[in-house]
Each structure stands twice: as C-alpha cells, then as structure tokens.
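Breakdown of the fold
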Amino acid sequence: MGCDGGTIPKRHELVKGPKKVEKVDKDAELVAQWNYCTLSQEILRRPIVACELGRLYNKDAVIEFLLDKSSEKALGKAASHIKSMKNVTELKLSDNPAWEGDKGNTKGDRHDDLQRARFICPVVGLEMNGRHRFCFLRCCGCVFSERALKEIKAEVCHTCGSAFQEEDVIVLNGTKEDVELLKTRMEERRLRAKLGKKARKPKAAEALSKPAVPEEFAGPSTVKTGKPEETSPDSREKKSIPAPKSAATNGSASGKVGKPPCGTTKRSIASSEESEAYKSLFTTHSSAKRSKEESAHWVTHTSYCF
C-alpha cells in the first residue's frame, strides 16, 4: 500500500515529532493593536476611546456593546471591565501630516509602510505605531509619548494645561506588567468611589429629614407646653376694668341698667339723603304703597294677577 512507483519517503514524513510553536509576527500584532478596535476588530475611526487598561476602541462599538448584552461572546471578555461610558475616555489625537492612508495606493501596487502611523505625539513628534510607548491622561484625554513626560516634567498637561496626578497617566497597549498595575489602580479607584457614595447617602437622608429653617423664623421655639401663661400686672388691670357705658344708650327710654351699647342705629330710607331712584327700590317709599282704589277685595280681586 503506497511507496510504489519509485517513491522514497523521508523520515519527517513518517515520524511525527512535537508541534512547532507558531510565532506571532510582531509587525502584524502591532498593527492590530494600534490600528484596529479591540472590541469590533474594525479599523479605528474617530471618535476613539480608551479604557482604564489602555486598550483602544471605537466609541460606536462600545455603545453597541453596552446596549446589546447578547454580544458578550468571545470578544466580550476584552471589554468585560467596561460597565458604562464613564469607564472610558475619549482621546484627543494629533494627526500625522505625513500619513497618506489609502489615497496613494489606489491600484494596489504600492508597498504599505507599517511604520507610518495616523497619529503622532504633539510634543516630540514620534509616530504612534507601537515602536514607542504612548500614554493618555484620564482627566483630559490628551495623548502624547512617554518620552515627552520624561523630558518635560510638569504637573500640567503639555497640550491643554489641565492639572493631573500620577494615577491619571495610563499607558496605551502596555505590557502585562503595565496592565496588572493599571488593573489594581482601577479596582482601588472604583472601591473609593463606592465608599464615597455610601458615605454620602446618610448625609443626604439627614438633610431631607431636617428641613432648613429660615433665618427670620430661627430662634427659640414658640410651642405651647400646656402650662398657663404668666400674665403681667398691666394686663390684669386691663382685664379687671369694665368697658365704659355710653350715656346715650343708658337713657330713660330704655329703662334698663347695664345694657351694652349698640354698634349700629336704625334709620329710615325716607329721611336719608339718597337719590329718589335709590329710595324707590325699597317698600317704604311712597311709590310702592297702593291707594285704596288700587287695592281690591281679598276674595274677588287680587292685583298681583295682572
């Protein structure tokens, strides 16, 4: 069976040795890290965001990942630490004027220079192609090379001038040691934020339970405790003195002693100084009274029937 017709098999064809470990092309790995989205594996396009571990993403891909939970399959592990858009920072990248992209390679017969990058460091001018270490600031999102940080030591951003701390510096596409360090910082930062929220909750509850009292009402409380109020001697004298009686109301016509004064006195409309039109509205006016001729017998005739 086989080996006929003058064929001579070699040793490596008959003996199966250990499998060779496939080596990953470094250039291809750098291109995948710096030119493609970690989540969707598409070419990076603005707006570009970075997570707290230094990985690059398309902003649209992160939004779709957060909205659609069913997409968490093989690629979901790369973004499992992203819980909301607060966990990513939009990057402010500086374009490389020497990068042409696909404009000069329309026919497909031109060699693509993998050393060329779309973005550069705005301070030193190094290209962001993976050959040099780059970092960004969480406070503002500005991106520059690590060499710029070492050569120009400052506590403010070299691009926008905003203040930052050492914890705000995040290395892009760093080594395993860098990723472990960034992961511990991320966990500590989230733990502090969680404890701060728990500490603010009881304070907010106390503020709601104790409403603020205006300044004009501030001072000792005026709530009655049920004890009889102490009256001053002046108030006692005022209460003991009776109201004076008027001489007009205590006349001989009334014949009663101690009658309280009347607040209002009756007066007739006829003797008032009002106009005749106003007086005619009342029954006491002469126009409202009927003469004997107009009034009929109460059995045979009633004037209100007409």
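Residues numbered from 1 in each chain as written. Predicted model: local features only at pLDDT ≥ 70, side-chain atom pairs only at ≥ 80, totals over all residues. Heavy atoms only, no water.

Time to look at the pattern of salt bridges. Counted by the stated rule, this structure contains ten salt bridges. The residue arginine 45 makes a salt bridge to glutamate 42 at a minimum N-O spacing of 3.2 Å. Exposure remark for glutamate 42: the relative accessible area of 38% places this residue in the partly exposed category. Close ionic contact of arginine 190 with glutamate 52 constitutes a salt bridge, the shortest N to O distance being 3.0 Å. (Salt bridge = Lys/Arg side-chain N within 4 Å of Asp/Glu carboxyl O. Buried < 20%, exposed > 50% of the residue type's maximum accessible area, 1.4 Å probe, protein only.)

With that settled, consider the pairing of strand β1 (residues 48-51). Going residue by residue along β1, you find Ile48 and Ala50 tucked away on one face and Val49 and Cys51 tucked away on the opposite face as well. In terms of strand pairing, β1 meets strand β2 (residues 56-58) through three bridges, oriented antiparallel. Bridging from a neighbouring strand, alanine 50 pairs with leucine 56 of β2. In the sheet, β1 pairs with strand β3 (residues 88-90) via three bridges, with the strands oriented antiparallel. Bridge pairing in β3 links cysteine 51 to valine 88. (Helix = DSSP H or I, 4+ residues; strand = E, 2+ residues; numbered from the N terminus. Pairing = 2+ DSSP bridges.)

Let us look at the sheet that holds strand β8 (residues 169-171). Paired through backbone hydrogen bonds, the strands of a sheet run either parallel or antiparallel to each other. Across the sheet, which stays open at both edges, the three strands sit in the order β7-β6-β8 with antiparallel pairing between neighbours. At either end of the open sheet lies a strand with only one pairing partner, and these are β7 (143-145) and β8. Across this sheet, the average inter-strand angle for adjacent strands is 35°, counted without regard to direction. Where strand β6 (residues 134-137) meets β7, three bridges bridge the pair, whose relative direction is antiparallel. Bridging across to β7, cysteine 135 finds its partner in phenylalanine 144. (Axes fitted to C-alpha atoms, helices over the stretch in contact; angles between N-to-C directions.)

Counting across every chain of the model gives zero disulfides. We note that cysteine 139 lacks a disulfide partner, and the nearest cysteine sulfur, in cysteine 140, lies 4.1 Å from it. The cysteine cysteine 157 is free of any disulfide, with cysteine 160 supplying the nearest cysteine sulfur at 3.7 Å. (Disulfide = S-S within 2.5 Å.)

Together, Lys86, Lys194, Lys197, Lys198, Arg200 and Lys201 give the surface a local cluster of positive charge. Tracing the backbone through its elements, the reader meets lysine 86 in the loop between α3 (59-67) and β3. (Patch = residues over 30% accessible without salt bridge, like charges linked within 9 Å, V, L, I, M, F, W, Y side chains within 5 Å. Areas by Shrake-Rupley, 256 points an atom, 1.4 Å probe, with all protein chains shown as cover. Lys, Arg positive; Asp, Glu negative; His and termini not counted. Charge placed at Lys NZ, Arg CZ, Asp CG, Glu CD.)

Along helix α2 (residues 26-35), the positions that sit buried rather than exposed are Leu30, Val31 and Trp34. What you see down the axis of α2 is that its buried residues fit within an arc of 100°, all on one side. Where α2 is buried, its residues contact β2 and β6. (Arc of directions from axis to C-beta. Contact = heavy atoms within 4.5 Å.)

The subject of this paragraph is the sheet that holds β1. One open sheet holds the three strands; their spatial order is β2-β1-β3, and the pairing between them is antiparallel. Unpaired on one side and paired on the other, β2 and β3 mark the two borders of the sheet. Taken pair by pair, the neighbouring strands of this sheet meet at an average axis angle of 40°, ignoring direction. Contacts from α3 reach β1, β2 and β3 within the one sheet, and its direction differs from that of β2 by about 80°.

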